[in-house]
Amino acid sequence: MTDITMSKSMLPGGDVGGDVGGDTAASEPRGRPGRLPMAQLRTYGLLFALAVITVFFEVATGGVLFQPLNLTNLILQNSYVVVMALGMLLVIVAGHIDLSIGSVVGFVGALAALLMVRFGFDPLSASLLCLAVGAVIGGLQGYFVAYLAIPSFIVTLSGMMVFRGLTQVLLQGTSIGPFPEVFQLLAKGFLSNFAGPATSLLIALVFVASLVGLNWRRRQAQVRTGEAAQSLASFIGRNGVTAVLILAFAWQMSAYRGLPNVLLVLLALVMLYGFVTTRTTIGRRIYALGGNIKAARLSGIKTERLTFLTFANMGALAGLAGMIFVARLNTANSKAGVGLELDVIAACFIGGASAAGGIGKVSGVVIGAFIIGIMNNGMSILGIGVDWQQVIKGVVLLAAVCLDVHNKNNRL
Amino acid sequence: MQPVLEMRGISKTFPGVKALDDVNLTVEPAEILALVGENGAGKSTLMKVLSGVYPHGSYAGCITYEGRPGQFRNISDSERLGIVIIHQELALVPYLSIAENIFLGNEPARFGIIDRGRVSARARELMAMVGLDESPDTLVTHLGVGKQQLVEIAKALSKEVKLLILDEPTASLSETDSEALLQLLLRFKAQGIASILISHKLNEIAKVADRITVLRDGTTVETLDCRSGAVDEDRIIRAMVGRTLENRYPVRTPRIGDLLMEVCGWTVHHPLHGDRAVVRDVSLTLRRGEIVGIAGLMGAGRTELAMSLFGRSYGQGVRGTVRIDGAEVDVSTIDRAIAAGIAYVTEDRKQLGLVLGEDIARNTTLANLPGISTATVIDEEAEQRVAGGYRTKMRIRSFGVTQQTVNLSGGNQQKVVLSKWLFTQPKVLILDEPTRGIDVGAKYEIYSIINELADDGRGVLMISSEMPELLGLCDRIYVMNEGRFVAEFSRAEASQEAIMRAIMRSKGLNG
């Protein structure tokens with residue numbers, strides 16, 4: 001690099017300081033190392049909200065919320081919301097929305113019932129087929145959105161109607177069930193306690209150890225590159241709290257029947273999507289696409305194909321959720337999944353995803369889903385009617401997004 | 001006779017820039033005043049001061065309109081007194097009819113209910129005045145640009161216009177449409193309406209203008225009177241560009257190597273109007289280590305040329321061949337163009353160059369993610385290292401590579417965009433207005449970076465509307481006008497006068 005020297009006399013107006021001075025003003029003081037970056041503050045804010053809501057319902061329900069049986073139910077009831085919220089996160093980050101997923105849940109659930117109960121498919125091939133059908137449905141809608149440039153709101157609104165209708169066509173007004181035992185295990189099964197009653201705790205320990213280990217490695221890497229790493233105390237504090245919470249959770253679960261299969265599916269998916277969104281090129285490109293589609297396209301990113309893929313992925317996850325849904329109820333009916341898209345979308349927005357695209361994290365969305373889930377569960381235990389439940393959820397959603405917008409305005 | 005308009009000592013300052021400095025302008029009754037100057041000379045700013053876009057009090061100096069002080073707080077203040085401005089980008093609503101557009105915001109109505117009969121009758125009247133032969137119910141979107149311009153003028157007439165301001169009215173018109181428009185101005189003049197005509201087309205100005213006021217660098221240079229006899233075009237051009245070059249450009253000894261890129265017969269059509277050629281049969285060459293400039297006025301087709309070369313990111317019906325290092329390359333999509341070794345640094349870094357919500361590191365690696373990942377998994381350590389390297393090399397001022405790009409100054413944002421493209425290891429860099437909106441100190445740094453890129457053996461194709469910048473940096477300059485390359489100058493031959501002359505002389509070649 002040639003040495004760039006500037007003297008005031010050389011530059012008309014002598015305004016050399018302009019750029020330098022502008023930078024001091026531009027660099028945000030709160031973004032400096034040593035202070036909490038805004039993004040982290042937001043995750044903490046969310047966790048705080050989850051904690052407040054949890055404690056509130058734990059007290060209000062007189063301790064019912066955390067009883068092993070209810071805790072297990074909480075996981076099972078919310079599993080499909082979490083599964084679909086992962087897909088919805090990508091759709092929302094890409095700058096779109098998918099309203100059809102509630103209907104896709106119903107449709108794939110009905111299809112699973114037909115295949116296994118009526119036509120005697122074995123559970124494995126039926127499940128694979130259902131996943132594929134979900135992906136095709138999502139891909140079909142994604143095709144209209146990505147390649148024909150039809151607004152996703154409209155495409156998936158039609159999808160919502162079409163697949164609700166097709167669900168009724170498949171079921172012909174009847175309910176189909178029961179499902180084969182093996183298939184029911186997807187939603188109702190528990191991990192066998194191969195190591196005695198403490199199995200859950202053991203698994204949790206292994207999980208915690210690997211989690212802390214991974215975090216440690218990342219911190220080491222940050223220290224090496226000289227990037228802003230968190231202090232040792234904060235590292236120990238954060239990982240300690242996480243570890244205690246996970247172990248306490250496992251302890252409670254082991255008091256009922258242990259860890260449900262669904263929980264393992266959830267964990268695997270959450271880790272997978274967490275990895276994809278933060279560490280892979282495709283994840284990175286989806287964020288860039290949602291952040292500025294024109295800049296992304298001019299950087300050589302195939303924006304159409306990427307949009308198409310996010311919808312196909314959403315469809316596959318909706319298919320999986322549909323199977324978990326019917327496996328849990330052990331019957332497929334035409335009302336399955338009605339309104340589910342709203343809970344999923346609410347979970348994403350509560351979890352900090354931006355409706356404008358480009359922003360959102362897996363951790364946030366999972367927390368958002370649990371905020372919705374605990375509210376649903378807690379209010380039901382308290383005997384609050386569905387009418388008021390809707391009102392309260394609506395207010396919480398609006399409040400969360402207001403807070404988000406407020407934060408963002410302060411940041412820019 | 002008392003002048004219609006007198007603007008005295010107008011100065012307008014934006015943060016860090018003095019856009020207008022003691023500008024004086026007078027319009028006599030029933031005259032056509034031409035306002036000329038280079039891009040950025042302050043013409044549009046002056047008209048915004050006049051029309052109230054910049055309200056009274058936000059500028060220094062005084063405006064006297066029809067003998068009274070004009071203190072306009074907004075556009076409707078000036079419109080009420082009969083000052084109407086028609087911008088280059090037409091402000092029509094495409095899916096409303098001609099009549100609805102003419103009376104938009106000014107509908108003949110009673111208690112909020114539009115009087116359709118009066119709308120239609122009055123619209124016909126106004127349309128007849130401007131010579132627009134269409135049904136008033138035709139949607140504006142179905143009209144050509146020329147006729148849309150007439151709708152704008154009819155709209156102005158509906159407001160009892162006394163002073164009509166036209167900002168580059170013929171820039172997108174064909175020769176016949178332009179001629180009709182000029183005749184219309186002359187008719188208005190006969191009816192006592194004064195006009196200010198902003199235009200780059202000196203031949204048109206010579207036809208209709210009574211006087212010519214020349215702006216340069218935010219000041220009035222002089223006012224030429226054409227009524228006593230035609231004014232020499234060279235005289236106007238000299239007044240427009242008469243600034244002396246200062247030592248604002250780093251010194252470089254060019255080391256020009258072999259032929260790197262060759263474009264032949266490049267033709268591009270407008271993305272919506274497929275029959276309109278925006279770039280016409282352009283051929284160019286670029287050598288290693290060479291900085292080649294493309295000069296031209298706004299709308300000459302320079303950005304369109306650059307973007308169509310870069311993976312056809314603009315236009316349709318693209319024809320022509322691109323050779324790099326002697327072999328023909330496929331530039332039909334953006335990723336293929338990148339793979340072929342072409343990088344395009346956009347003129348609009350906020351809209352097209354950066355993902356503003358993301359940090360420096362993520363923006364730096366965006367166009368070459370495979371460069372920091374194995375089997376699609378991103379190595380964040382490598383990413384930080386790469387971004388940090390460019391941050392040091394480019395002297396990006398930030399607290400680190402995790403700073404959001406939205407918080408950077410214009411110069412530093414541009415350096416991030418440059419880093420992004422350098423990381424794709426391009427052979428050819430196309431820089432589109434690389435110093436737009438960047439202050440003087442940072443410009444020097446960008447110039448130094450451009451020089452280094454060339455010295456590394458890359459070819460740099462640079463588009464700029466600032467002619468001194470082209471003259472200060474480029475080894476060779478192509479002049480583009482109306483979609484064609486109309487001249488080519490070596491560094492020694494190039495001068496502002498020569499370039500301007502080439503542009504002006506080529507006007508209207510396409511008919």
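Residue numbering note: each chain is counted from 1, following its sequence as written. Labels follow written order: the first chain is A, the first ligand is 1, and so on. Given that this is a predicted model, residues contribute local features only at a pLDDT of at least 70 and side-chain atom pairs are listed and counted only at 80 or more, while totals for whole chains, interfaces and linings are drawn from all residues.

By the naming in an unreviewed UniProt entry, chain B goes by Multiple sugar transport system ATP-binding protein and is assigned to Methylobacterium fujisawaense. Per its UniProt entry, chain B bears the Sequence similarities (unreviewed entry) comment "Belongs to the ABC transporter superfamily." UniProt positions are given in the numbering used here, feature names are shortened, and annotations may be inferred rather than shown by experiment.

**Things to note about the overall build of chain B**
Each helix is a run of DSSP H or I of at least 4 residues and each strand a run of E of at least 2, with the numbering of both proceeding from the N terminus. Helices and strands together make up the secondary structure of chain B, namely 17 helices and 24 strands. Just to be clear, the radius of gyration here is over C-alpha atoms, and the globule rule we use is 2.2 Å times residues to the power 0.38. Relative to the globule expectation of 24 Å for 511 residues, the C-alpha radius of gyration of chain B, 25 Å, shows essentially globular dimensions. In terms of principal-axis extent, the alpha carbons of chain B reach across some 70 × 50 × 45 Å. Among the 511 residues that make up chain B, the fraction classed as buried is 50%. Counts of 20 or more other C-beta atoms within 10 Å of a residue's own C-beta define buried residues, counts of 12 or fewer define exposed ones, and intermediate counts define partly exposed ones; C-beta atoms are placed from the backbone.

**Notes on the overall build of chain A**
A tally of regular secondary structure across chain A gives 16 helices and zero strands. Here, residue contact means that the backbone-derived C-beta atoms of the two residues sit within 7 Å. Put simply, of all contacts in chain A between residues at least 6 apart along the chain, 81% involve residues at least 24 apart.

**Concerning the sheet that holds strand β14 (residues 277–287) of chain B**
Any two strands with at least two DSSP bridges between them are considered paired. With antiparallel pairing, four strands are arranged side by side in an open sheet as β14-β13-β16-β17 (chain B). Each edge of the sheet is formed by a strand with only one pairing partner; in this case those strands are β14 and β17 (327–328) of chain B.

**Some points on helix α5 (residues 145–158) of chain B**
What sets the pattern is the α-helix's 3.6 residues per turn: residues three or four places apart point alike. All names here are of chain B. Take the number of residues in a helix, subtract one, and multiply by 1.5 Å to get its expected span. Under the 1.5 Å per step criterion, the end-to-end length of α5 is 20 Å for 14 residues, consistent within 8% with the ideal 20 Å. In terms of residue burial, α5 counts as a mostly covered element, since 10 of its 14 residues are buried. Taken together, the buried positions of α5 are occupied by K147, Q148, Q149, L150, V151, E152, I153, A154, K155 and A156. Packed against the buried residues of α5 are β6 (83–86), α3 (98–102), α4 (116–130), β9 (163–167) and α6 (175–190). The positive-phi residue at the C-terminal boundary of α5 is E160, with phi of around 55°.

**A few points about the sheet that holds strand β10 (residues 194–198) of chain B**
Residue and element names in this part refer to chain B. Pairing within the open sheet is mixed, and its six strands lie in the order β6-β9-β10-β3-β11-β12. Pairing within the sheet leaves two strands with one partner each, and these edge strands are β6 and β12 (219–225). Here the strands of the sheet are splayed against their neighbours by 20° on average, with no regard to which way each runs. Strand direction decides the pairing type here: β6 and β9, joined by four bridges, are parallel. By the bridge assignment for β9, I83 is matched with L163. Lines are fitted to the C-alpha atoms to define the axes, a helix being fitted only along its stretch in contact, and any angle between axes, read from their N-to-C directions, falls within 0 to 180 degrees. With respect to the sheet, helix α1 (residues 43–51) is in contact with β3 (32–36), β6, β9, β10 and β11 (211–216), its orientation differing from that of β6 by roughly 145°.

**Topic: α4 of chain B**
Residues and elements named next belong to chain B. In this model, α4 (15 residues) spans 21 Å end to end at C-alpha, consistent with the 21 Å of a helix rising 1.5 Å per residue. Among all positions in α4, only A123, L126, M127 and V130 are buried. Burial along α4 is one-sided: seen end-on, the buried residues are contained in an arc of 100°. The exposed residues of α4 that point more than 90 degrees off its buried face are G117, E125 and A128. Along its buried surface, α4 packs onto α3, α5 and α6. Following α4 by one or two positions, G131 has its phi on the positive side, about 75°. Arc definition: it is the arc formed by the directions from the helix axis to the C-beta atoms.

**Quick look at the packing of helix α7 (residues 181–188) of chain A against helix α13 (residues 303–329) of chain A**
All names here are of chain A. In contact at an axis separation of 7 Å, α7 and α13 are set at 105° when each is read in the N-to-C sense. The pairing of α7 with α13 is recorded here as roughly perpendicular in orientation. Every residue of α13 that contacts α7 at F183, Q184, L186, A187 and K188 is listed here: M323, I324, A327 and R328. A class-by-class count of the residues in the contact of α7 with α13 yields six nonpolar, one polar and two charged. Oblique is the label for any angle not covered by the other classes, which are roughly parallel (under 35 degrees), roughly antiparallel (over 145) and roughly perpendicular (65 to 115). Classification convention: Asp, Glu, Lys, Arg as charged; Ala, Val, Leu, Ile, Met, Phe, Trp, Tyr, Cys, Pro as nonpolar; all other residues, Gly among them, as polar.

**Some details on the environment of E66 of chain B**
Residues and elements named next belong to chain B. Mapped onto the fold, E66 is located in the loop between β4 (60–65) and β5 (68–69). Here E66 falls in the partly exposed class, since 16 other C-beta atoms lie within 10 Å of it. A sequence separation of 156 residues divides E66 from E222, and the C-alpha atoms of the two residues are 23 Å apart.

**Here's the deal with the environment of V365 of chain A**
Residues and elements named next belong to chain A. Within the secondary structure layout, V365 lies in helix α15 (residues 362–381). It is 16 Å that separates the C-alpha atoms of V365 and G95, two residues lying 270 residues apart in sequence. In this view, V365 contacts A85, L86, L89, A347, C348, G351, A353 and G360; residues no more than four positions away in its chain are not counted.

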